[in-house]
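Breakdown of the fold
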Amino acid sequence: MDSKELYDTTIDHMINPRNYGKLESPNAVGIGKNPQNGEMVIIYLKIDGNMIENIRFQAKACMTTVIAGSIFTETIKGVTLEESKELTSLMLKKVEMMPPEEAACTELVAEAFFAALDHYEAKKTDPHAPVPTRMIANRCIEETEVKNG
Amino acid sequence: MAERVFTTMHEGWLRLLFTSFAVRDREWGERLYDYSEILYRHMRFVEELFVKRGIEYSYERPALTLEFENEGEAARFSLVGVERILDQLNESKDPLASRIIHDLRYIASQLSRNLGKEEPITAFDKSLKLDGVDLDKESLDALVLFLFEESYKEYELIIIYSYAQRVVDSKRVFEIFQILIDESKFHLKSFAHLMARLGILAVPRMVTQEIYRFDSLKRFLEDGIEEEKGAKEQCRALAEAVKNDELRDFFNFINFQEDYHITLMKEALEIIE
């Protein structure tokens, strides 16, 4: 994908974020949270057997997080649980090479997804297991600088 | 009136509002904007009614994609929203709906007269040019991200303040929220017009209950003041970064407007403390 195509794709995700909103009757929900500024992502999953049948997300966060959530959910929809874990781990490895503010946004989405998988597992033994929250490790430097003026 | 009419009104308001930003015939665009304001007030009227009757309602709504290529199709897009509200109000046979029905029938008739218009819509052609002029890449990148971030933020604030008006006791705080709603509407309009000129106009994503139903008004106002300070800084940085006089003046203007919002929010904070 050349830079023009990448730019167009990014804008397309800003104009029309994929899979945004709640999922009716999810069987797993997870929250990723940035303790530094309160930004968060909620992931809703519908898992059928070993397959991610449907996935949606909500974000109380910046546009970069929304783009990350949109691309991530589009990629994860329809894959097996194993594939989804591999893809998410791969994404977290890439986070290490990103600028801090972008790393925090991507990590927020990945941790919300892992929290949802934790929830799915927990519900196997306790159907009323509470929705778990995972905190991210990266700091959103840009946000801090803006707030401090 | 059923709960779903509130969501249908919300969607109808946004259909008219964003059509008003998209059309190139500015006189017609301003009339559409006025009609969208009437629909917003209908929604708030119904909200008040639902609160009094103890009916649950939600500001959540389905995603809305702008898909029209000319002004006739744009009028159709708005008309669909108005007709859906009319159908649901007619079904309800609620006597309080009759005034709204009269308004909507008139607006529908005006929209119907524009169905044959063939002038093209360029508000979402992704040209990324400001009235045909290329911006330097750094300015353009910063501007595009800012517009998407802030158009959502202004819409979010309209929803939060609208909902907050129903849960505050103080008359002055209610007034402050109304001023802030009006200010956010003006900002949303300004940003959306810029987005339309750049060919990237889009309806913001929905605001979820987790966001607009805040737990603590004090915390919400404190966070809001910090966010306004952040927005001020972003506008100042953008005004410095863009190599375009019109944009520089515009971002300086928005930057100084945020001071007024901060003053109002501080006043609201003092009242509730």
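Residues numbered from 1 in each chain as written. Chains lettered and ligands numbered in written order. Predicted model: local features only at pLDDT ≥ 70, side-chain atom pairs only at ≥ 80, totals over all residues. Heavy atoms only, no water.

1. With respect to the packing of helix H2 (residues 63-76) of chain A against helix H4 (residues 100-125) of chain A
Working note: a packed helix pair is described by the angle between its axes plus the distance between those axes. Residues and elements named next belong to chain A. So the rule is basically this: Axes here mean lines fitted to C-alpha atoms, for a helix over just the part in contact, with angles spanning 0 to 180 degrees between N-to-C directions. Only runs of H or I of at least four residues qualify as helices and only runs of E of at least two qualify as strands under DSSP, and these elements are numbered from the N terminus. To sort the angles, those under 35 degrees are grouped as roughly parallel, those over 145 as roughly antiparallel, those from 65 to 115 as roughly perpendicular, and the leftovers as oblique. Take the far helix as the reference: if the near one is turned anticlockwise from it by less than a right angle, the crossing is left-handed, and if turned clockwise, right-handed. The contact definition used throughout considers only heavy atoms, calling two residues in contact when any of these lie within 4.5 Å. For this scheme, ten residues count as nonpolar: Ala, Val, Leu, Ile, Met, Phe, Trp, Tyr, Cys and Pro. Four count as charged, namely Asp, Glu, Lys and Arg, and the remainder, Gly too, count as polar.
Where H2 contacts H4, the two axes come as close as 9 Å, and the packing angle between them is 40°. Between H2 and H4, the angle is such that the two are oblique. Of the two possible hands of crossing, H2 and H4 adopt the one that is right-handed. When H2 is examined against H4, the residues Thr64, Thr65, Ala68, Gly69, Phe72 and Ile76 are found in contact with a partner set consisting of Glu102, Cys105, Thr106, Leu108, Val109 and Phe113. Tallied by class, residues from the contact of H2 with H4 come to seven nonpolar, four polar and one charged.

2. Concerning the side chain of Arg18(A)
Residue and element names in this part refer to chain A. Just so we agree on the cut-off: For the purposes of these results, a polar contact is taken to be a pair of N or O atoms within 3.5 Å, where, inside protein, one atom must be able to donate a hydrogen and its partner to accept one; residues adjacent in sequence count only when each atom of the pair is a side-chain atom.
On the secondary structure map, Arg18 appears in the loop between helix H1 (3-15) and strand E1 (28-33). Side-chain polar atoms of Arg18 contact the backbone oxygen of Asn16, separated by 2.6 Å. In this structure Arg18 touches Asp12, His13, Phe57, Ser70, Thr73 and Glu74, once residues within four positions along its chain are discounted.

3. Here we look at the sheet that holds E1(A)
Residue and element names in this part refer to chain A. How we decide: DSSP calls a pair of strands paired once it identifies at least 2 bridges connecting them.
With respect to topology, four strands assemble into an open sheet ordered E3-E2-E1-E4, the strand pairing being mixed. Where the open sheet ends on each side, the last strands, each with one partner, are strand E3 (51-60) and strand E4 (133-135). Taken pair by pair, the neighbouring strands of this sheet meet at an average axis angle of 20°, ignoring direction. In terms of strand pairing, E1 meets E4 through three bridges, oriented parallel. Bridge pairing in E4 places Gly32 opposite Arg134. Packed onto the sheet, H2 meets strand E2 (40-48) and E3 and runs at close to 175° relative to E3. Along the sheet, H4 contacts E1, E2, E3 and E4; its crossing angle with E1, the most-contacted strand, is approximately 145°.

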